[in-house]
Amino acid sequence: MSSIRSISATLDIRTCLELLKTCKSITKLKQIHAQVIILNFHKHIGILHKLLAFTTHDDDTQLPGDLNYAKKIFSCCENRTLFMYNVIIKGYVKTGQFKKALFLFDELRIRGLFPDSFTYPFVFKAIGELKMVKEGEKLHGYVLKSGVWFDNYVGNSVMDMYGLFGYVESLNKMFDEMPKRDSIGWNILISGFVRCGRFQDAVGVYKKMREEGGVKPDEATVVSTLSACTALKRLELGKEIHRYIVEELGFSLIIGNALVDMYSKCGCLMVAREIFDDMPMKNVICWTSMVSGYVNSGQLDEARKLFERSPVRDLVLWTTMINGYVQFNRVDDAMDLFRSMQMQRIKPDKYTLVALLTGCAQLGALQQGEWIHDYMKENRITVTAVVGTALIEMYAKCGCIEKSMEIFDELEEKDTASWTSIICALAMSGNIRKALELFSEMEQAGFRPDDITYIGVLSACSHGGLVEEGRKYFHAMSRIYAIQPKLEHYGCLIDLLGRAGLLSEAEVMISQIPNKDKEIIVPIYGALLSACRIYGNIDVGERVAELLMEIESYDSSTHTLLANTYASAGRWEDVSKVRGTMRDLGVKKSPGCSSIDINGNVHEFIVGH
């Protein structure tokens, strides 16, 4: 402060500008600004520009800015220039204050100023983030007429806006019309396709970029393309990109993270681990990718070792490990880890809680599920639609359908998943009319049912023996909602027809099933064969049993059901033949199995053990 006071007597505008140019901290800047005000230089345009540039970081240095201070300076400016508007708009956009940026954009035009190539990129960014499609398209048209479009900086920002909208066709069209393409344009196109799940198109753009050879892929290019390779499981292209990185580009932390993630998710854990171990610097992202890789391959103990070694553990890493335990039915380990997470004062999010509740639902572990629910209440965690759905399913699978209904009724925000979960829960518990009543309410409330919703609805009809309703809902799927029936939907309707004794109609329905998957078609055949036993229909039973034996000749249930069908019709010679065939093939009846939750521990029992 003393050094500034000593020169204040001889301080002129040029000196002030030099001091601002060499300033290294916001504290010093404020001291200089104070002297500027004392000397009445605070209205000088050059000085105001320097002050705003420093406080909003317009010089792209690593020095800390102070947007609030910049706003105070800006508010005192009487004759605001385009440069002033540009730096404040940029400051607003960089701090996520998009609406304020657009307000200033409108204001500068009202004042008669004309936006330039430094104004538009941040305005398009704000419009894109706010998903203001009409405004974006209108401004795009204005830019085309003004000629600023030919500036790559502006053109790329318009492309980025369409990418944020998810309008990949407009994005692609703009790219094709670009007079000059730079690496940023290529990267925006690739990342736009990736963001919208068009991974094959993203890979195609990368290949086109390599073929044209005008612009070399950089860090952003390979990272986006590697994420597309990961989604498509395109291991060979991933390896090709890896070679390019080694030979031409070089490694960085971000590239290392992308490679570890790609190799892990493509099942090449050894390669992923080699890259991981060789990385001189690691962050929590690569630790999470590596742990996730071991989890997905079922190597939970190896995943846990790596988890324990991680120097930094964020919520995503904790949830990854917890979800791994749940995925492989090690719910007790998941709960223990959750308690450790609490001791570390890591607050769970909805994904952590959903993972734990899913595990409890899988095992019917009511006591543990209730403990998680109580934890949510004690910590005042909001029950969102996602968490509510998990709670509904947990209580339903533990046999507490009244509690599921209570959770559903208390949900402030419902979505398709929450409606579906309660409909399925009611259907499985035998509360048929209530399930169908809620389905009607769901449609009236404007929610669009999905294929899983219809599984619940058809299941309800099957359990209730509602043949006409079942047929109606089955055909409404494709007619009203354009949902093509899957094997599960056919299975529900065939089960309904079988229970009603309409065996010939059920047999015809089976013949109409497209893409007969073994895992689903076997239970469907089995259900129809069981119905044949109940109704003593030998003709259909024999045909179904023959089809089943072609798929699984060593499955004991098929032979047993066929034998029981013959027995129900009094054809004891045929019963003996079936049992003789079972002996010849070495088919043995599978023992029964059950599980029970005692004091929070799940115990499994197998007949004969």
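Residues numbered from 1 in each chain as written. Predicted model: local features only at pLDDT ≥ 70, side-chain atom pairs only at ≥ 80, totals over all residues. Heavy atoms only, no water.

1. Comments concerning the overall build of the protein chain
Then step 1. In terms of helices and strands, the protein chain carries 35 helices and two strands.
Then step 2. The buried share of the protein chain, taken over its 609 residues, is 46%.
Then step 3. Across the protein chain, every contact between residues at least 6 apart in sequence was considered, and the portion connecting residues at least 24 apart equals 59%. (Helix = DSSP H or I, 4+ residues; strand = E, 2+ residues; numbered from the N terminus. Buried < 20%, exposed > 50% of the residue type's maximum accessible area, 1.4 Å probe, protein only. Contact = heavy atoms within 4.5 Å.)

2. Remarks on the packing of helix α14 (residues 219-232) against helix α16 (residues 253-265)
Then step 1. At a closest axis distance of 9 Å, the pairing of α14 and α16 adopts a crossing angle of 15°. Relative to α16, the element α14 is oriented roughly parallel. By crossing handedness, the relation of α14 to α16 is classed as left-handed. The segment α14 lies against α16, with Glu219, Val222, Val223, Leu226, Cys229 and Thr230 engaging Ile254, Ile255, Ala258, Leu259, Asp261, Met262 and Lys265.
Then step 2. When grouped by side-chain class, the residues that make up the contact of α14 with α16 number nine nonpolar, one polar and three charged. (Axes fitted to C-alpha atoms, helices over the stretch in contact; angles between N-to-C directions. Parallel < 35°, antiparallel > 145°, perpendicular 65-115°, else oblique. Left-handed = near helix turned anticlockwise from the far one by under 90°. Nonpolar A, V, L, I, M, F, W, Y, C, P; charged D, E, K, R; others polar.)

3. Remarks on the environment of Thr384
Then step 1. On the secondary structure map, Thr384 appears in the loop between α23 (366-378) and α24 (385-397).
Then step 2. Among the residues examined, Thr384 registers a relative accessible area of 32% and is labelled partly exposed.
Then step 3. Residues Thr384 and Glu412, 28 residues apart in the sequence, show an inter-C-alpha distance of 7.9 Å.
Then step 4. Ignoring anything within four residues of it in the chain, the contact list for Thr384 reads Lys350 and Leu411.

4. Here's the deal with the packing of aromatic side chains
The geometry of an aromatic ring pair comes down to the distance between the two centres and the angle between the two planes.
Then step 1. The tally for this structure, following the rule as stated, stands at 17 aromatic pairs.
Then step 2. When the centroid spacing of 6.3 Å and the interplanar angle of 65° are considered together, the rings of Phe105 and Tyr120 count as edge-to-face. Note that Phe105 is positioned in helix α7 (residues 98-110) and Tyr120 in helix α8 (residues 120-129), a separation of 15 residues in sequence.
Then step 3. Ring centres 6.1 Å apart and planes at 80° place the aromatic pair Tyr162 and Phe165 in the edge-to-face group. Linking Tyr162 with Phe165, this pair stays in helix α10 (residues 152-165), spanning three residues, or about one helical turn. (Phe/Tyr/Trp six-rings, centres within 6.5 Å; stacked < 30°, edge-to-face > 60°.)

5. Structural notes on helix α28 (residues 451-464)
Then step 1. Helix length check: α28 (14 residues) gives 20 Å between terminal C-alpha atoms against 20 Å at 1.5 Å per residue, within 8%.
Then step 2. For α28, a buried count of 10 out of 14 residues is recorded, marking the element as mostly surrounded by other parts of the structure.
Then step 3. At the N-terminal end of α28, a side-chain oxygen is found 3.1 Å from the backbone nitrogen of Ile452, two or three residues along, and the residue is Asp450.
Then step 4. Looking one or two residues beyond α28, the residue adopting positive phi is Gly465, at roughly 70°. (Expected span 1.5 Å × (residues − 1). Polar contact = N/O pair within 3.5 Å; in protein donor to acceptor, adjacent residues only side chain to side chain.)

6. Observations concerning α16
Then step 1. For α16, built from 13 residues, the straight-helix expectation of 18 Å at 1.5 Å per residue is met to within 8% by its first-to-last C-alpha distance of 18 Å.
Then step 2. Burial analysis of α16 places 10 of its 13 residues in the buried class, the great majority of the element.
Then step 3. Residues of α16 that are buried include every one of Ile255, Gly256, Asn257, Ala258, Leu259, Val260, Asp261, Met262, Tyr263 and Ser264, and no others.
Then step 4. If you follow the buried residues of α16, they end up packed against α14, α15 (235-249), α17 (269-278) and α18 (284-296).
Then step 5. Trailing α16 by a residue or two, Gly267 shows a phi angle of about 85°, which is positive.

7. Thoughts on unusual backbone geometry
Most peptide bonds take the trans form, and the phi angle of most residues other than glycine is negative.
Then step 1. For Lys233, which is not glycine, the phi torsion reads 60° and is therefore positive.
Then step 2. Within the element layout of this structure, Lys233 appears in the loop between α14 and α15.
Then step 3. We note that Ala482 has phi near 55°; this positive angle belongs to a residue other than glycine.
Then step 4. Within the element layout of this structure, Ala482 appears in the loop between α29 (467-481) and α30 (487-499).
Then step 5. The exposure class assigned to Ala482 is exposed, which follows from its relative accessible area of 57%.

8. What to know about the side chain of Asn257
Then step 1. Note that Asn257 resides in helix α16.
Then step 2. If near-sequence neighbours (up to four positions away) are discounted, Asn257 is found in contact with Met279, Asn283, Ile285, Cys286 and Ser289.

9. Concerning the environment of Leu503
Then step 1. Along the chain, Leu503 falls in helix α31 (residues 503-511).
Then step 2. Taking the C-alpha atoms as reference points, Leu503 and Asn537, separated by 34 residues in sequence, lie 8.0 Å from one another.
Then step 3. In this view, Leu503 contacts Leu497, Gly498, Leu528, Ala531, Cys532, Tyr535, Asn537 and Val540; residues no more than four positions away in its chain are not counted.

10. A word on the pattern of salt bridges
Then step 1. Here the structure, examined in full by the defined rule, presents 25 salt bridges.
Then step 2. Note that Asp301 is salt-bridged to Arg330, the shortest N-O span being 3.5 Å. Of this pair, Asp301 sits in helix α19 (residues 300-309) while Arg330 sits in the loop between α20 (315-327) and α21 (331-343), and the two are 29 residues apart along the sequence.
Then step 3. Taking relative accessible area as the criterion, Arg330 reaches 29% and is therefore assigned partly exposed.
Then step 4. Overlapping salt bridges bring together Arg80, Glu107 and Arg111 as one network. (Salt bridge = Lys/Arg side-chain N within 4 Å of Asp/Glu carboxyl O.)

11. Let's talk about the packing of α8 against helix α9 (residues 133-146)
Then step 1. In the contact formed by α8 and α9, the axes pass within 10 Å of each other and the chain directions differ by 160°. One finds that α8 runs roughly antiparallel with respect to α9. The two elements α8 and α9 cross, and the hand of that crossing is left-handed. Of the residues in α9, those touching α8 at Tyr120, Val123, Phe124 and Ile127 are Glu135, Gly136, Leu139, His140, Tyr142 and Val143.
Then step 2. Broken down by class, the residue content of the contact of α8 with α9 amounts to seven nonpolar, two polar and one charged.

12. A short note on the confidence of the model for the protein chain
Then step 1. For the protein chain, per-residue confidence averages 83 on the pLDDT scale, and residues scoring 70 or more make up 83% of the total.
Then step 2. In this model residues 1-10 is a low-confidence stretch, pLDDT under 50, and it forms eight contacts with partners more than four residues away in sequence or in other chains.
Then step 3. The low-confidence segment residues 58-62 (pLDDT under 50) makes eight contacts with residues lying over four places distant or belonging to another chain. (pLDDT = per-residue confidence, 0-100.)

13. Re the state of the cysteines
Then step 1. This model, assessed by the stated rule, comprises zero disulfides.
Then step 2. The cysteine Cys360 is free of any disulfide, with Cys398 supplying the nearest cysteine sulfur at 7.2 Å.
Then step 3. Look at Cys360 and you get buried, because its relative accessible area is 0%.
Then step 4. Looking at Cys492, it has no disulfide partner, and the nearest cysteine sulfur is the one in Cys424, 9.1 Å off.
Then step 5. Taking the relative accessible area as the measure of exposure, Cys492 reaches 14% and is therefore buried. (Disulfide = S-S within 2.5 Å.)

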